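# Summary of structural features
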Amino acid sequence: MEEKLQDYPDLSGNACLEPEENREASSYGIAGGKIDSDLIATIYDRLDTAVWIFDFDNKRFLWANRKTLEVTEAASLEELRSRDLAEDMSPSVEERLRQYQQDFCRHDVSFSEIWTLYPKGKPKVLQMNMSGIRLVDGRMGLLCEAREHHEQQPETLRSAEALTHTTVMISLYSTDGTPLYRNTAARAVCHSLDNPFHGHFVEPRDARKFLELVERDRTSGRVARVRTSAGPRWHELTIRSCQDAVSGQPAYLVSEIDVTELHETKERAQFLASHDTLTGLSNRTYLQERLAQVLQTAADRGQTATLYLVDLDDFKMVNDTQGHAAGDSLLQLVAEKLKQLAEPDDIVARLGGDEFLICHLEKSGSDRSDWFGQGLLQAFSKPQMIDGKPRRVGLSIGYTHYPEDGVSIDNLMRHADLALYQAKTDPMDKCVRFQQQMRHLRDEHLAIKKDLERAIQVNEFTLEYQPIASTLTDRVISAEALIRWCHPEKGLIYPDEFIPIAEETGLINEIGLWVNRQVAHMQARLARLNYDVPLSLNVSPRQLSDPHFVTHMRALPEETGCNPEMISLELTESVLLGDIPNAFETLSLLKRTGYRIVIDDFGAGYSNLAYLHNYPIDGIKIDRMFMNDIASGGAIVKLILSLANALGAEVVAEGVETIEQRAWLLENGCHLFQGYLYSKPVPEERFLSMLETQVQIASM
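Residues numbered from 1 in each chain as written. Predicted model: local features only at pLDDT ≥ 70, side-chain atom pairs only at ≥ 80, totals over all residues. Heavy atoms only, no water.

### Some words on the overall build of the chain
Within the chain, the regular secondary structure consists of 22 helices and 29 strands. Split into buried and exposed, the 700 residues of the chain put 47% on the buried side. The long-range fraction of contacts in the chain, counting pairs at least 24 apart against all pairs at least 6 apart in sequence, stands at 59%. (Helix = DSSP H or I, 4+ residues; strand = E, 2+ residues; numbered from the N terminus. Buried < 20%, exposed > 50% of the residue type's maximum accessible area, 1.4 Å probe, protein only. Contact = heavy atoms within 4.5 Å.)

Structure representation (structure tokens):
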């Protein structure tokens with residue numbers, strides 16, 4: 001029985017081309033007569049063109065004429081409609097159909113292409129015209145008209161099939177940039193159906209460059225950044241001059257490969273080669289090239305360029321006490337701050353360790369040559385949050401000007417390094433400009449460092465003891481041990497000349513161990529001689545940060561026979577203000593061992609007695625500079641004495657040089673003093689002699 005139109009999906013049903021209310025129910029009037037559905041079915045079935053409607057979403061035939069059944073080798077329309085085309089549909093074909101659906105929804109367009117269908121596994125090459133057709137339910141369907149393609153050359157068929165399935169993006173453009181053809185891969189990335197050649201590129205100059213090369217050489221290939229449906233990507237493009245096979249007009253054939261991952265990997269490798277991985281700043285490798293550019297810019301503009309070398313104070317102490325993770329966090333914080341402070345044309349680089357460089361182009365009209373460096377110091381004047389804890393970050397800065405202080409990069413770097421060295425050894429001026437005499441000073445410091453290393457090995461140090469006396473009885477109550485260096489050529493060297501260098505180089509830890517043992521042995525000797533005189537020794541922040549310091553101090557009583565309760569450890573105020581991690585735990589352990597804790601040079605730093613509430617402090621020593629305050633009434637000293645008394649802390653006044661100062665202290669309740677009025681520091685045997693004399697006088 002011949003299949004009629006009514007045997008197909010009813011055109012007034014789900015597969016109809018228009019809503020029912022826009023048509024008559026089952027017939028169309030013509031000159032008073034009617035053409036019924038049987039006649040329409042006969043017309044479709046007599047066409048020598050296969051016509052069908054395809055459901056994009058369900059991957060099935062909705063309707064087809066008899067020629068379609070012949071082409072698809074379907075026994076009936078019902079059998080054809082039952083086929084699930086998704087079962088063996090390749091990803092490329094599925095992608096192409098999805099592109100059609102999107103294009104039909106957005107534009108009133110049609111496509112003519114050669115397709116190969118495989119009914120029952122047999123290839124059928126068809127010239128297909130495809131257009132969109134709106135179904136009753138609002139979805140977009142595909143209307144296909146297909147004739148057998150008579151050119152059955154294998155190369156032609158295979159090339160057409162390859163164009164559909166290849167991942168290489170193939171496009172054809174007219175010479176004015178109008179798109180003529182895109183294969184499946186090219187259409188998949190194209191963000192707009194009518195996007196012209198120039199609109200394909202993120203940078204228009206790339207399109208112009210391509211066309212210039214093609215005009216000259218007929219072919220061009222390069223990597224460029226292009227616009228795609230997934231956003232900007234890097235494509236390797238090859239463009240050739242050709243002719244459009246349809247119109248015969250000149251055209252451009254473009255093939256593209258996505259190389260974004262490769263390009264980004266290459267860029268990443270280049271970035272890693274020229275940048276510090278921890279901070280993201282330029283590294284020393286890249287610095288030479290960038291410095292040359294900035295200095296050239298300064299020369300061209302007639303500007304001054306300033307090289308700042310920035311070094312973190314006590315960075316090693318952070319690593320040793322808080323661990324390398326905390327050290328890394330500190331470096332990242334500093335790097336971020338430096339980037340925020342720098343101008344767009346400046347260089348910010350990490351040279352290695354805790355040393356940074358900034359090359360800054362000075363603005364015209366700057367009043368001070370160090371204004372930018374002072375700004376860096378100000379930015380770190382308040383505690384910074386590192387791993388959730390506030391911590392003071394000290395900077396030392398050395399700087400030099402181009403071209404005034406030098407024109408070569410090597411000289412400028414060397415001069416900035418000399419200035420930095422001066423800044424690190426000067427506790428007051430932390431931003432220092434290069435001066436010619438710094439070369440001599442640096443040489444001296446290097447010589448001292450070398451000599452210090454030898455002095456530790458051959459034990460060239462000695463201790464002197466400065467008495468601490470009673471303002472009431474004038475008797476020696478205790479004494480402070482002070483180190484001296486007996487240099488074989490320079491004679492006696494005082495600590496102000498070599499301790500800062502020992503601190504900077506880390507040699508202070510070895511020197512400190514020697515001092516601790518000597519004082520412990522001296523205290524044990526005093527006890528054997530029945531001298532009830534406590535001793536004190538100075539402990540630097542770097543020593544206190546040494547993880548082995550507490551272990552060493554706790555071992556001294558057994559090692560030397562000393563009584564730790566008769567030894568005071570003198571610390572600076574910075575220990576109490578967050579400069580030393582875990583300071584409270586360290587001091588508490590030392591306190592439990594028996595040592596007394598004393599704050600030295602109180603008032604010279606932050607002068608905040610409130611910190612004493614939080615630490616096991618036994619006493620304070622008023623800085624010598626406040627002795628001058630006594631002449632004008634001593635208001636500051638009175639305040640310190642009052643607060644210390646309230647806290648139960650013993651007070652020693654340092655730097656007492658006159659009888660009037662001693663009398664004032666006695667009158668105002670300060671019972672202990674130290675200074676040249678009583679005695680300068682003296683050698684060990686002289687100190688013992690003083691104690692012996694004191695005992696003899698007392699027994700008279």
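### Regarding helix α18 (residues 549-560)
Look at α18: 16 Å from first C-alpha to last across 12 residues, which is about the 16 Å you get at 1.5 Å a residue. For α18, the full list of buried residues reads Phe 549, Val 550, His 552, Met 553, Leu 556 and Thr 560. The arc enclosing the buried residues of α18, seen along the axis, measures out at 165°, which places them on a common side. Opposite its buried face, α18 presents the exposed residues Thr 551 and Glu 558, each directed more than 90 degrees away. Buried-residue contacts for α18 involve α16 (508-528), α17 (541-545), β24 (567-571) and α19 (583-593). (Expected span 1.5 Å × (residues − 1). Arc of directions from axis to C-beta.)

### A word on the environment of Met 140
Tracing the sequence through the fold places Met 140 in strand β7 (residues 140-148). Residues Met 140 and Phe 104 lie 36 residues apart in sequence; the distance between their C-alpha atoms is 7.5 Å. Once you skip the residues sitting within four places of it in the chain, Met 140 turns out to touch Phe 56, Gln 101, Phe 104, Cys 105, Gly 132, Ile 133 and Arg 134.

### A few points about the pattern of salt bridges
Tallied over the full model, the rule gives 32 salt bridges. Linking Arg 139 and Asp 55 is a salt bridge whose minimum nitrogen-to-oxygen distance equals 2.8 Å. With a gap of 84 residues between them, Arg 139 in the loop between β6 (124-134) and β7 and Asp 55 in strand β3 (residues 50-55) connect regions that are remote in the sequence. (Salt bridge = Lys/Arg side-chain N within 4 Å of Asp/Glu carboxyl O.)

### Regarding unusual backbone geometry
In this model, Tyr 402 is joined to Pro 403 through a cis peptide bond whose omega is 5°. With respect to the helices and strands, the residue Pro 403 is situated in the loop between β18 (395-402) and α13 (409-425). Even without glycine at this site, Lys 59 takes up a positive phi of about 55°. For Lys 59, the location among the structural elements is in the loop between β3 and β4 (60-64). Phi angles above zero are rare outside glycine, and Glu 73 is one such case at about 55°. Tracing the backbone shows Glu 73 in the loop between α2 (66-72) and α3 (77-81). According to the relative accessible area criterion, Glu 73 is partly exposed, its value standing at 24%.

### Re the sheet that holds strand β5 (residues 110-117)
Within a sheet, neighbouring strands are paired by backbone hydrogen bonds and run either parallel or antiparallel to one another. On the basis of which strands lie adjacent, the open sheet formed by 5 strands has the order β4-β3-β7-β6-β5 and antiparallel pairing. The sheet terminates laterally at β4 and β5, the two strands that pair on one side only. Neighbour-to-neighbour, the strand axes of this sheet turn through a mean angle of 35°, independent of strand direction. Pairing between β3 and β7: 5 bridges, direction antiparallel. Bridge pairing links Ile 53 to Leu 143 in β7. Packing of helix α4 (residues 91-106) onto the sheet brings it into contact with β3, β5, β6 and β7, and relative to β5 it is tilted by some 160°. (Pairing = 2+ DSSP bridges. Axes fitted to C-alpha atoms, helices over the stretch in contact; angles between N-to-C directions.)

### A short note on the pairing of strand β13 (residues 305-312)
Within β13, 8 of the 8 residues are buried, which leaves it mostly tucked inside the rest of the structure. Side-chain alternation along β13 places Ala 305, Leu 307, Leu 309 and Asp 311 on one buried face and Thr 306, Tyr 308, Val 310 and Leu 312 on a second face that is also buried. Pairing of β13 with strand β15 (residues 355-361) involves 7 bridges; the strand directions are antiparallel. Note on β15: the bridge partner recorded for Tyr 308 is Ile 358. Pairing of β13 with β18 involves 8 bridges; the strand directions are antiparallel. Residue Thr 306 lies in a different strand from β18, and its bridge partner there is His 401.

### Re helix α8 (residues 260-274)
Relative to the 21 Å expected for 15 residues at 1.5 Å per residue, α8 spans 21 Å between its end C-alpha atoms, a close match to the ideal helical length. What α8 keeps buried is the set Thr 260, His 263 and Ser 274. End-on, the buried residues of α8 take up no more than an arc of 70°, which puts them together on one face. Within α8, the exposed residues directed more than 90 degrees away from the buried face are Leu 262 and Thr 265. Tucked into the core, α8 has its buried residues touching β10 (219-226), β11 (233-243), β12 (250-258) and α9 (284-301).

### A closer look at the packing of α13 against helix α14 (residues 438-458)
Here α13 crosses α14 at 60°, and the two axes come no closer than 10 Å. Put simply, α13 runs oblique to α14. At the point where α13 passes α14, the crossing takes the left-handed sense. Each of His 415, Asp 417, Leu 418, Ala 419, Tyr 421, Gln 422 and Thr 425 in α13 lies in contact with α14, whose residues at this interface are Met 438, Arg 439, Leu 441, Arg 442, His 445 and Leu 446. A class-by-class count of the residues in the contact of α13 with α14 yields 6 nonpolar, 4 polar and 3 charged. (Parallel < 35°, antiparallel > 145°, perpendicular 65-115°, else oblique. Left-handed = near helix turned anticlockwise from the far one by under 90°. Nonpolar A, V, L, I, M, F, W, Y, C, P; charged D, E, K, R; others polar.)

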